[in-house]
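# An overview of the molecular structure
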Amino acid sequence: MLDILRKRRSIRHYTGQAISPEVMEQLREAVLRAPSSRSLDPWEFVFVTDKALLAQLATAKPHGAHFLRDAALGVVVLGDEAKADTWIEDCAIASIILQLACESLGLGSCWVQIRLRAFDQSVSAEERVRQILNIPPHLRVESVISIGYPAKSPRGHARENLKDHKIRTDTYA
Ligand SMILES: Cc1cc2nc3c(=O)[nH]c(=O)nc-3n(C[C@H](O)[C@H](O)[C@H](O)COP(=O)(O)O)c2cc1C
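Summarised in this report is the structure supplied together with it. (Residues numbered from 1 in each chain as written. Predicted model: local features only at pLDDT ≥ 70, side-chain atom pairs only at ≥ 80, totals over all residues. Heavy atoms only, no water.)

### Digging into the environment of Cys 91
Within the secondary structure, Cys 91 sits in helix H4 (residues 87-104). We classify Cys 91 as buried; its relative accessible area is 0%. Along the sequence, Cys 91 and Leu 32 sit 59 residues apart, while their C-alpha atoms lie 11 Å from each other. Cys 91 has contacts with Trp 43, Val 77, Leu 78, Gly 79 and Glu 142, leaving out every residue within four places of it along the chain. (Helix = DSSP H or I, 4+ residues; strand = E, 2+ residues; numbered from the N terminus. Buried < 20%, exposed > 50% of the residue type's maximum accessible area, 1.4 Å probe, protein only. Contact = heavy atoms within 4.5 Å.)

### Describing the packing of aromatic side chains
Overall, the coordinates contain one aromatic pair when judged by the stated rule. Aromatic side chains Trp 43 and Phe 45 sit 5.3 Å apart centroid to centroid with 35 degrees between the ring planes, which places their arrangement in the tilted category. With relative accessibility at 19%, the residue Phe 45 sits in the buried group. Of note, Arg 28 hangs over the ring of Phe 47, and the distance from its end group to the ring centre comes to 5.8 Å. (Phe/Tyr/Trp six-rings, centres within 6.5 Å; stacked < 30°, edge-to-face > 60°. Lys NZ or Arg CZ within 6 Å of the ring centre and 35° of its normal.)

### Things to note about the site of the ligand
Near the ligand you find Arg 8, Arg 9, Ser 10, Arg 12, Lys 61, Gly 64, Phe 67, Cys 110, Trp 111, Val 112, Gln 113 and His 157, and these make up its full shell. Note that an oxygen atom of the ligand is positioned 2.9 Å from one of the side-chain N or O atoms of Arg 12. In this structure, an oxygen atom belonging to the ligand sits 2.6 Å away from a side-chain N or O atom of Lys 61. Computed on the free molecule, the ligand has an accessible area of 630 Å², of which 60% lies beneath the protein chains in the complex. Considered class by class, the residues forming the shell around the ligand number four nonpolar, four polar and four charged. (Near = heavy atom within 4 Å. Polar contact = N/O pair within 3.5 Å; in protein donor to acceptor, adjacent residues only side chain to side chain. Areas by Shrake-Rupley, 256 points an atom, 1.4 Å probe, with all protein chains shown as cover. Nonpolar A, V, L, I, M, F, W, Y, C, P; charged D, E, K, R; others polar.)

### Describing the pattern of salt bridges
Per the stated rule, a full pass over the model turns up eight salt bridges. Across the pair Arg 6 and Asp 3 runs a salt bridge, and its minimum N-O distance is 3.7 Å. Taken together, the residues span about one helical turn, with Arg 6 and Asp 3 both in helix H1 (residues 2-7) at a distance of three residues. With respect to class, Arg 6 is no different from Asp 3; both count as exposed. Via salt bridges that share partners, Glu 81, Glu 126, Glu 127, Arg 130 and Arg 140 belong to a single interconnected network. (Salt bridge = Lys/Arg side-chain N within 4 Å of Asp/Glu carboxyl O.)

### Description of the nonpolar core
If you look at the biggest cluster of nonpolar residues, it comprises 24 residues, and the most contacted ones within it are Leu 57, Val 76, Val 129 and Leu 133. Those elements that place two or more of their residues in this core are helix H3 (51-57), strand E2 (73-80), strand E3 (108-113), helix H5 (125-133) and strand E4 (139-148). Top contributing element to this core by residue count: H5, with four residues. Filtering out sequence-adjacent residues up to four positions away, Leu 133 remains in contact with Val 46, Val 48, Leu 53, Leu 57 and Val 76. (Core = buried A, V, L, I, M, F, W, Y, C linked by side-chain atoms within 4.5 Å.)

### Section: the side chain of Gln 99
Secondary-structure assignment places Gln 99 in helix H4. Given the relative accessible area of 7%, Gln 99 is considered buried. Beyond its immediate sequence surroundings of up to four residues, Gln 99 is in contact with Ser 109, Cys 110, Trp 111 and Ile 145.

### Observations concerning helix H2 (residues 21-32)
For H2, spanning 12 residues, the distance from its first C-alpha to its last is 16 Å, which sits close to the expected 16 Å at 1.5 Å a residue. Of the positions making up H2, those classed as buried are Val 23, Met 24, Leu 27, Ala 30 and Val 31. The buried residues of H2 occupy one face: seen down the axis, they fall within an arc of 120 degrees. More than 90 degrees from the buried face of H2, the exposed residues found are Pro 21, Glu 22 and Leu 32. Those residues of H2 that are buried are in contact with strand E1 (43-48), E2 and H4. (Expected span 1.5 Å × (residues − 1). Arc of directions from axis to C-beta.)

Shown next as structure tokens:
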């Protein structure tokens, strides 16, 4: 796991290679293994491979989503806030578990934040994603994880650049 964390970067450029059904199945298994508070599993996922839908998702907000157009897969992470008050945490954990599983399988990925973002002045990015994918109104949209084989592989962050001052021992001051 530490090796995966040392290599992990957000990947926004993809080769265009498709993801095989076997690898897709491993991604499905990984995300369903995400832990959730009280095992309430308030999340649901939409695995999007259709190019026209990915191109629409790429415009769900003006910045930071455009690369979904070139992704082999976008996983839309949905949460039912009526099922668990921890739905945001549960969806975030599922999102990062999926990203780490991608890294372990040689895939690159990038989180696309949807919750609290805007499509335009009157429509939220959440609402726009709901419209594009016919998602029912009771489900919130946390993120879309953009996934594909990396066309660029930036180096992992160097150990000396990590923010050691963020960790204190025993007491804060
Ligand atoms: C909660 C969260 C939301 C993010 N939203 C976006 C996003 O909308 N678009 C994007 O391009 N990157 C997004 N990122 C990726 C971050 O920009 C990236 O992780 C950060 O710059 C560090 O770079 P690295 O992942 O390569 O280490 C998000 C990451 C997190 C954890």
